[in-house]
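# Working through the structure, step by step
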Amino acid sequence: QITLKESGPTLVRPTQTLTLTCTFSGFSFTTSGVGVGWVRQPPGKALEWIALIYWNDDKRYSPSLESRLTITKDTSKNQVVLTMTNMDPVDKGTYYCARFSSWTNFFDYWGQGTLVTVSS
Amino acid sequence: NFMLTQPHSVSESPGKTVTISCTRSSGSIGSYFVHWYQQRPGSGPTTVIHGNNQRPSGVPDRFSGSIDSSSNSASLTISGLRTEDEADYYCQSYELNNQVFGGGTKLTVL
């Protein structure tokens, strides 16, 4: 059974850095083709892809957010960490992590999401 | 960068068939797989179609996907509509290493 779960702060202050952790089970980065990505969703709005990390440690970022993002993985812990700097109230939303199949470029399993609010 | 454009909302009656479109702004629709996700209120997304027309196990065959090169668009068709199909639906595709989601379509089954 494949599961993913996001964890991190529910509230961050403007200009602070957000750090989110995705802990997963049922698959491993030792498998070729596996990736884990982050997707966010502002309240009442559409999904937006943020970042991806692949089994071979290749990393990809949304062009609109790239300067603020870092994604890393810990293969032994089955975890992926996303950091986003200089948080702003417009960054409020639910942040999802999801397993990514690099062979067909889609997110096949999703976490439940974690709501992040940016407010002073 | 390209965009995927979906209708904001569609509605149809139970038992009927509905089609949701997803139009790619640049780049050939046939060159990159299109995937579809369902998001029910208060829940995370789940995949209903991947690889243009492949259904994951557990997704009923009432759901089907297709692409149309002439209109540079993809479509999700749901037949035999049920009330539980009421949800938001998102298409997703990519270019190089940029993943893009459509703006989402709210399906109302009334």
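Residues numbered from 1 in each chain as written. Chains lettered and ligands numbered in written order. Predicted model: local features only at pLDDT ≥ 70, side-chain atom pairs only at ≥ 80, totals over all residues. Heavy atoms only, no water.

Before going further, it helps to examine the overall build of chain A. A count of helical and extended segments in chain A gives zero helices and 11 strands. Secondary structure of chain A in N-to-C order comes out as β-β-β-β-β-β-β-β-β-β-β. Relative to the 2.2 N^0.38 estimate, which gives 14 Å for 120 residues, the radius of gyration of chain A is 14 Å and therefore close to what a compact globule would have. Projecting the C-alpha coordinates of chain A onto the three principal axes gives extents of approximately 40 × 25 × 25 Å. For chain A, the residues scored as buried account for 51% of the 120 residues in total. Sequence separation of 24 or more characterises 53% of the internal contacts of chain A that already satisfy a separation of 6 or more. As displayed, chain A offers around 5,400 Å² of accessible surface, 47% of which is attributable to carbon and sulfur atoms. Of the side chains in chain A, 11 bear a positive and 9 a negative charge, and the two mean positions are spaced by 5 Å. (Helix = DSSP H or I, 4+ residues; strand = E, 2+ residues; numbered from the N terminus. Rg over C-alpha atoms; globule rule 2.2 N^0.38 Å. Buried < 20%, exposed > 50% of the residue type's maximum accessible area, 1.4 Å probe, protein only. Contact = heavy atoms within 4.5 Å. Areas by Shrake-Rupley, 256 points an atom, 1.4 Å probe, with all protein chains shown as cover. Lys, Arg positive; Asp, Glu negative; His and termini not counted. Charge placed at Lys NZ, Arg CZ, Asp CG, Glu CD.)

Moving on, we get to the sheet that holds strand E6 (residues 63-68) of chain B. All names here are of chain B. Spatially, four strands are ordered E1-E3-E7-E6 in an open sheet, and the strand pairing comes out antiparallel. Here the strands that pair on one side only, and so sit at the sheet edges, are strand E1 (4-5) and E6. Taken together, the six bridges between strand E3 (residues 18-24) and strand E7 (residues 73-78) define a ladder with antiparallel strand orientation. Looking at the pairing, Ser21 lines up with Ser75 of E7. (Pairing = 2+ DSSP bridges.)

So, about the interface of chain B and chain A. Contact residues are listed per partner, giving 19 residues for chain B and 20 residues for chain A. Between chain B and chain A lies a buried interface of about 1,600 Å² when both sides are counted; carbon and sulfur atoms form 60% of it. Linking chain B to chain A there are 10 residue pairs in polar contact (both at pLDDT 80 or more). The set of elements that each furnish at least two residues to the side of chain B that touches chain A consists of strand E4 (35-39), strand E8 (87-95) and strand E9 (98-101) of chain B. (Buried area = accessible area lost by both parts, 1.4 Å probe. Polar contact = N/O pair within 3.5 Å; in protein donor to acceptor, adjacent residues only side chain to side chain.)

Take the pattern of salt bridges next. Considering all chains together, one arrives at nine salt bridges over all chains under this definition. We note a salt bridge from A:Glu48 to A:Arg40, for which the minimum N-O separation is 2.7 Å. What makes A:Arg40 buried here is its relative accessible area of 8%. B:Glu84 is the salt-bridge partner of B:Arg82, the closest N and O atoms lying 3.7 Å from each other. Its relative accessible area of 37% is what places B:Glu84 among the partly exposed residues. Each of A:Arg40, A:Glu48, A:Arg68 and A:Asp91 takes part in salt bridges that share partners, so that together they form one network. (Salt bridge = Lys/Arg side-chain N within 4 Å of Asp/Glu carboxyl O.)

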